[in-house]
Amino acid sequence: MRYRVRRGIGYVPQGRDIFPRLTVLENLQMGLATQKRGVGIPGFIYEMFPVLKDMLNRRGGDLSGGQQQQLAIGRALTLRPKLLILDEPTAVLTPQETEQLFEVLARLRGQGTTILLITHKLKEVMRLCDRVTVMRAGRVVHETAVAETSVEALATAMVGRKVLIGRQGDAAR
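Rules and cut-offs
- Residues numbered from 1 in each chain as written.
- Predicted model: local features only at pLDDT ≥ 70, side-chain atom pairs only at ≥ 80, totals over all residues.
- Heavy atoms only, no water.
- Helix = DSSP H or I, 4+ residues; strand = E, 2+ residues; numbered from the N terminus.
- Buried < 20%, exposed > 50% of the residue type's maximum accessible area, 1.4 Å probe, protein only.
- Contact = heavy atoms within 4.5 Å.
- Areas by Shrake-Rupley, 256 points an atom, 1.4 Å probe, with all protein chains shown as cover.
- Pairing = 2+ DSSP bridges.
- Axes fitted to C-alpha atoms, helices over the stretch in contact; angles between N-to-C directions.
- Polar contact = N/O pair within 3.5 Å; in protein donor to acceptor, adjacent residues only side chain to side chain.
- Expected span 1.5 Å × (residues − 1).
- Arc of directions from axis to C-beta.

## Focus on the overall build of the chain
- The helix and strand tally for the chain stands at eight helices and five strands.
- The N-to-C order of helical and strand elements in the chain reads α-β-α-α-α-α-β-α-β-α-β-β-α.
- Within the chain, the fraction of its 173 residues that count as buried is 42%.
- Once local pairs closer than 6 in sequence are excluded, the contacts in the chain between residues at least 24 apart make up 61%.
- Only carbon and sulfur atoms are counted for the fraction: they give 50% of the accessible area of the chain, which is about 10,400 Å².

## Some thoughts on the sheet that holds strand β1 (residues 9-12)
- Pairing is parallel across the open sheet formed by three strands, whose spatial order is β1-β2-β3. Of all strands in the sheet, those with a lone pairing partner are β1 and β3 (114-118), marking the two edges. Neighbouring strand axes in the sheet, compared pairwise and without regard to direction, differ in orientation by 15 degrees on average.
- Looking at chain direction, strand β2 (residues 83-87) and β3 are connected through five bridges and run parallel. If you follow Asp87 over to β3, its bridge partner there is Ile118.

## Quick look at the side chain of Thr90
- Among the structural elements, Thr90 can be located in the loop between β2 and α6 (95-110).
- Reaching out from Thr90, the side chain makes a polar contact with the side chain of Lys121 at a distance of 3.3 Å.
- In contact with Thr90, not counting residues within four places along its chain, are Thr98, Leu101, Phe102, Lys121 and Glu124.

## Some points on the environment of Thr98
- Relative to the helices and strands, Thr98 resides in helix α6.
- Since its relative accessible area comes to 11%, Thr98 is described here as buried.
- On a C-alpha basis, the gap between Thr98 and Gly66 in space is 8.8 Å, while along the polypeptide they are 32 residues apart.
- If we ignore the near neighbours within four places in the chain, the residues touching Thr98 are Thr90, Leu93 and Glu124.

## A closer look at unusual backbone geometry
- In this model, Glu88 sits at a positive phi of 50 degrees, which is unusual for a non-glycine residue.
- Following the sequence through the fold, Glu88 ends up in the loop between β2 and α6.
- A residue is classified by how much of its surface remains accessible, and Glu88, at 12% relative accessible area, is buried.
- Positive phi is not limited to glycine here, since Ala137 has a value of about 55 degrees.
- As for its position among the elements, Ala137 is in the loop between β4 (131-136) and β5 (139-145).

## Structural notes on α6
- When the terminal C-alpha atoms of α6 are compared, their 23 Å separation across 16 residues agrees well with the 22 Å that a helix rising 1.5 Å per residue should span.
- Residues Glu97, Thr98, Leu101, Phe102, Val104, Leu105 and Leu108 constitute the buried set of α6. Down the axis, α6 shows its buried residues gathered within 160 degrees of arc, on one side only. Facing away from the buried side of α6 by more than 90 degrees, the exposed set consists of Pro95, Gln96, Glu103 and Gly110.
- Residues of α6 that are buried sit in contact with α3 (43-48), α5 (65-77), β2, β3 and α7 (122-128).
- Where α6 terminates, the next one or two residues include Gly112, which has phi positive at roughly 95 degrees.

## Some points on α5
- Taking 1.5 Å per residue as the helical rise, α5 with its 13 residues ought to reach 18 Å, and the 18 Å between its terminal C-alpha atoms agrees with that figure.
- In terms of burial, α5 is a largely internal element, 13 of the 13 residues being buried.

Below you can see the structure in the form of structure tokens.
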């Protein structure tokens, strides 16, 4: 963890990476644990995730899945990482929370943060990313600029054969 923090890397793994018995405020402060004493929660965290400010005294485990995900991302951002790695960040988010996250990511990108998004949701890749790398069985099988590919090409690269796109439940979600 210290190496990651020193290198300016924030990481939010798939699943809810929070401390369920700690309050929202305590969870956010855990992100600052490696900093000098007296460092407070950066105000931009509450600007990006306003819902967190209204529930600082609630326990992390009492939050909805989407709120827990916002808390985990907020905690990762307390250290102002240069690189933010997000593994399936929209898996537990509602459509509205997903849009809010996309706005946050656009803002971070505009501020110079590099974002590495790990997801199988190809429409999100097409909307959010500049470049895409597809791995299958631990090997890179396709790498390109997003502007030079399609959902169909990415789905084919992911599974190794042509995939029908368009029905609910496909990889294109």
